[in-house]
Amino acid sequence: QVQLVESGGGLVQAGGSLRLSCAASGRSLSTYGMGWFRQAPGKEREFVATISWNIGITYYADSVKGRFTISRDNAKTAVYLQMNTLRAEDTAVYYCAADRWGVGSRHGEEYDYWGQGTQVTVSS
């Protein structure tokens, strides 16, 4: 069992930046593909970004491309989401997820483990 813990959320003004972190409690994430998703009030969960475990191939939702960057540390103990030029529509609970097959995906159903989420609120 992998327990994921997100941190770094908060309240920020439009145009500002936040950096989210996701770490696994008690173990490395070295062989997992990782993803970030978000869910705004009254909306379905949506894909944000993903990174594969081996050579770090990344994919982004069109809505965040050029503004958000997913990365992982060299030891692969954590994954990050750097969010720049934030907009009010980025307001949501952000979740990280781990895919044990290492690929990562845009589809939430392909992930095996999920964190509890961290709230990001962007004021306009």
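Heads up: these notes are all about the structure in this document. Along each chain, residues carry numbers from 1 onward, in the same order as the chain's sequence is written. In view of the model being predicted, local features appear only for residues whose pLDDT reaches at least 70, and side-chain atom pairs are presented and counted only at 80 or more, with totals across whole chains, interfaces and linings using the full set of residues. Processing note: side-chain calculations cover all non-hydrogen atoms of the structure and skip hydrogens and water entirely.

1. Overview of the sheet that holds strand β8 (residues 78-83)
Now for step 1: Taken in spatial order, the four strands of this open sheet run β1-β3-β8-β7, and their pairing is antiparallel. Two strands close off the open sheet at either side, each with one partner strand: β1 (4-7) and β7 (68-72). Strand-to-strand twist in this sheet, taken as the mean axis angle between neighbours without regard to direction, amounts to 15°.
Now for step 2: Sheet topology places β7 next to β8; five bridges connect them, and they run antiparallel. Bridge pairing links phenylalanine 68 to methionine 83 in β8. Two strands are counted as paired when DSSP detects at least two bridges linking them. Where helices and strands are cited, they refer to DSSP runs of H or I of at least four residues and of E of at least two residues respectively, numbered from the N terminus. Every axis corresponds to a line fitted to the C-alpha atoms, with the helix fit spanning only the stretch in contact, and the corresponding angles, defined between N-to-C directions, vary from 0 to 180 degrees.

2. Overview of the environment of alanine 23
Now for step 1: With respect to the secondary-structure elements, alanine 23 resides in strand β3 (residues 18-24).
Now for step 2: Non-local contacts of alanine 23, meaning those with residues more than four positions away in its chain, are made with Gln3, Leu4, Val5, Leu29 and Thr77. Any two residues having at least one pair of non-hydrogen atoms within 4.5 Å are treated as being in contact.

3. Some words on the state of the cysteines
Now for step 1: Count a disulfide wherever a pair of cysteine sulfur atoms falls within 2.5 Å. For the structure on display, the rule yields one disulfide.
Now for step 2: Linked covalently through their sulfurs, cysteine 22 and cysteine 96 form a disulfide whose S-S length is 2.0 Å. On the sign convention where negative is left-handed, the bridge of cysteine 22 and cysteine 96, at about 55° about the S-S bond, is right-handed. Here cysteine 96 lies in strand β9 (residues 92-99) and cysteine 22 lies in strand β3, a separation of 74 residues in the sequence.
Now for step 3: Remark: exposure states derive from per-residue accessible area (1.4 Å probe, protein chains only) relative to the maximum for the residue type, with buried under 20%, exposed over 50%, and partly exposed in between. Using a relative accessible area of 0% as the deciding quantity, one classes cysteine 22 as buried.
Now for step 4: Judged by relative accessible area, cysteine 96 falls into the buried class, the value being 0%.

4. Focus on the pattern of salt bridges
Now for step 1: Whenever a carboxyl oxygen of Asp or Glu lies within 4 Å of a side-chain nitrogen of Lys or Arg, that contact is scored as a salt bridge. Tallying each qualifying case throughout the model produces five salt bridges.
Now for step 2: The partner of aspartate 112 in a salt bridge is arginine 100, and the shortest N-O contact between them spans 3.4 Å. Here the residue aspartate 112 occupies a position in the loop between β9 and β10 (113-114), and arginine 100 occupies one in the loop between β9 and β10, the gap between them amounting to twelve residues.
Now for step 3: Look at aspartate 112 and you get partly exposed, because its relative accessible area is 31%.
Now for step 4: Connected through salt bridges with shared partners, the residues Arg38, Glu46, Arg67 and Asp90 form a single ionic network.

5. Brief notes about the packing of aromatic side chains
Now for step 1: Side-chain rings of Phe, Tyr and Trp, where Trp is taken by its six-membered ring, are said to pair if the distance between their centres is within 6.5 Å; with planes under 30 degrees apart they count as stacked, over 60 as edge-to-face, and otherwise as tilted. Using the criterion set out here, one finds five aromatic pairs in the structure.
Now for step 2: The interplanar angle of 70° and the centroid separation of 5.8 Å between the aromatic rings of phenylalanine 37 and phenylalanine 47 together place this pair among those described as edge-to-face. Of this pair, phenylalanine 37 sits in strand β4 (residues 33-39) while phenylalanine 47 sits in strand β5 (residues 46-51), and the two are ten residues apart along the sequence. Judged on exposure class, the residue phenylalanine 37 and its partner phenylalanine 47 are both buried.
Now for step 3: Taken together, the ring pairs in this structure connect Phe37, Phe47, Tyr111 and Trp114 into an aromatic cluster.
Now for step 4: By the criterion adopted, a ring carries a charge over it if an Arg CZ or a Lys NZ lies within 6 Å of its centre and within 35 degrees of its normal. Between the NZ or CZ atom of arginine 19 and the centre of the ring of tyrosine 80, over which it lies, the distance is 3.9 Å.

6. Concerning the nonpolar core
Now for step 1: The nonpolar core is taken to be a set of buried Ala, Val, Leu, Ile, Met, Phe, Trp, Tyr and Cys residues, with the residues joined through side-chain atoms within 4.5 Å. One finds Leu4, Met34, Trp36, Leu81, Met83 and Tyr94 to be the most contacted residues of the largest nonpolar core, which totals 35 residues.
Now for step 2: At the level of secondary structure, the elements contributing two or more residues to this core comprise β3, β4, β5, β7, β8, β9 and β11 (118-123).
Now for step 3: Not counting residues within four places of it along the chain, the set of residues in contact with methionine 34 comprises Leu4, Cys22, Leu29, Ala49, Thr50, Ile51, Ile70, Arg72, Val79, Ala97, Ala98 and Tyr111.

Remember, this is a structural readout, not a statement about activity or role.
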